Each structure stands twice: as structure tokens, then as C-alpha cells.
Amino acid sequence: MELRQNSKSTYRPIGAFRLFLALLVAVSHSRFLGGDQIESTLAPWGLGNLGVMTFFVVSGFVISEAISVFYIDRTFSFLTNRILRIFPPFYAALTLSI
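Residues numbered from 1 in each chain as written. Predicted model: local features only at pLDDT ≥ 70, side-chain atom pairs only at ≥ 80, totals over all residues. Heavy atoms only, no water.

**Digging into the overall build of the protein chain**
Right, so step 1: When you go through the protein chain residue by residue, the secondary structure sums to five helices and zero strands.
Right, so step 2: Overall, the protein chain shows an N-to-C arrangement of helices and strands of α-α-α-α-α.
Right, so step 3: Over its C-alpha trace the protein chain gives a radius of gyration of 18 Å, far above what one expects of a compact globule, namely 13 Å for 98 residues.
Right, so step 4: Principal-axis analysis of the C-alpha atoms gives the protein chain an extent of 55 × 35 × 15 Å.
Right, so step 5: Evaluated residue by residue, the protein chain yields a buried proportion of 16% over its 98 residues.
Right, so step 6: Within the protein chain, counting contacts between residues at least 6 apart in sequence, those at least 24 apart form 60% of the total.
Right, so step 7: In the structure as shown, the protein chain presents an accessible area of about 7,700 Å², 69% of it carried by carbon and sulfur atoms. (Helix = DSSP H or I, 4+ residues; strand = E, 2+ residues; numbered from the N terminus. Rg over C-alpha atoms; globule rule 2.2 N^0.38 Å. Buried < 20%, exposed > 50% of the residue type's maximum accessible area, 1.4 Å probe, protein only. Contact = heavy atoms within 4.5 Å. Areas by Shrake-Rupley, 256 points an atom, 1.4 Å probe, with all protein chains shown as cover.)

Next comes the structure, spelled out in C-alpha cells:
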């Protein structure tokens, strides 16, 4: 049980970093709202690409560690957790977009 409490606290900086990466993607998608000067300044940096690729790498690390630390020999629990975290927001976004 102690391992779980210690491991959870180490994810806060990773979560903050993932938020930063998501903000890079948001800035990349909205850079045209700032006018030609901001768009031409931000375009060469590829912030969205950098944010997405790094986000995937960090998330892969977090999910791999979760499987090996928290869900050892509990594959069904892991899959249930992932389904409950992915599908409700997906269906909410789908409903709002329709």
C-alpha cells in the first residue's frame, strides 16, 4: 500500500508537464487568432507537433508504469479503468459536436 501512495505523489509533476504539453497544442491550434505576426513567429517552431509527440511518450511511460505497479495481474481492472476514463468524455464530446 505504501508503494501506491509514494508512486501517486510522483505523478503530480508529470501531470503538470502533460498540461503544459496540451497547452502547446492549444497554442498551436489558435496561433492564427493572434494575427500574421504571431502566426509567422510560432509556425516554424512546430509547437503542436512537439506537444503531441512528447505527450504520447510521457503518457506511454505513465500507462506502462501503472500496469507494472498498480495493476500487476489485474488486466481486467486496468482495462475497466481505461474504458471508464476514455469513453464517457468521448461520448460527451461526440454529443456536443453533433
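On we go.
**Notes on the packing of aromatic side chains**
Right, so step 1: Taken as a whole, this structure holds five aromatic pairs when the rule is applied.
Right, so step 2: On the basis of an interplanar angle of 70° and a centroid distance of 5.4 Å, the ring pair of Y71 and F78 is categorised as edge-to-face. You'll find Y71 and F78 in the same group, each marked buried.
Right, so step 3: Taken together, F87, F90 and Y91 form an aromatic cluster joined through their ring pairs. (Phe/Tyr/Trp six-rings, centres within 6.5 Å; stacked < 30°, edge-to-face > 60°.)

**Points about the nonpolar core**
Right, so step 1: One finds Y11, V62, A66, F70, Y71 and F78 forming the largest nonpolar core, which totals six residues.
Right, so step 2: Contact partners of Y11, with chain neighbours within four places excluded, come to V62, E65, A66 and F70. (Core = buried A, V, L, I, M, F, W, Y, C linked by side-chain atoms within 4.5 Å.)

**Things to note about the environment of V25**
Right, so step 1: As for its position among the elements, V25 is in helix α2 (residues 11-30).
Right, so step 2: In this structure the C-alpha to C-alpha distance between V25 and N49, which are 24 residues apart in sequence, comes to 7.5 Å.
Right, so step 3: Excluding its chain neighbours within four sequence positions, the residues that come into contact with V25 are G48, G51 and V52.

**Comments concerning the packing of α2 against helix α4 (residues 47-69)**
Right, so step 1: Where α2 contacts α4, the axes come no closer than 8 Å and their chain directions differ by 155°. Overall, the two elements α2 and α4 adopt an arrangement that is roughly antiparallel. Crossing handedness for the pair α2 and α4: left-handed. Contacts between α2 and α4 involve Y11, I14, F17, R18, L21, L24, V25, V27 and S28 from the former and L47, G48, G51, V52, T54, F55, V58, S59, F61, V62, E65 and A66 from the latter.
Right, so step 2: Taken together, the residues of the contact of α2 with α4 sort by class into 14 nonpolar, five polar and two charged. (Axes fitted to C-alpha atoms, helices over the stretch in contact; angles between N-to-C directions. Parallel < 35°, antiparallel > 145°, perpendicular 65-115°, else oblique. Left-handed = near helix turned anticlockwise from the far one by under 90°. Nonpolar A, V, L, I, M, F, W, Y, C, P; charged D, E, K, R; others polar.)

**Comments concerning α4**
Right, so step 1: With 23 residues, α4 should reach 33 Å at 1.5 Å per residue; the first-to-last C-alpha distance of 32 Å fits that figure.
Right, so step 2: Among the residues of α4, L47, G48, G51, V58, S59, V62 and A66 are the ones counted as buried.
Right, so step 3: Where α4 is buried, its residues touch α2 and α3 (36-42). (Expected span 1.5 Å × (residues − 1).)

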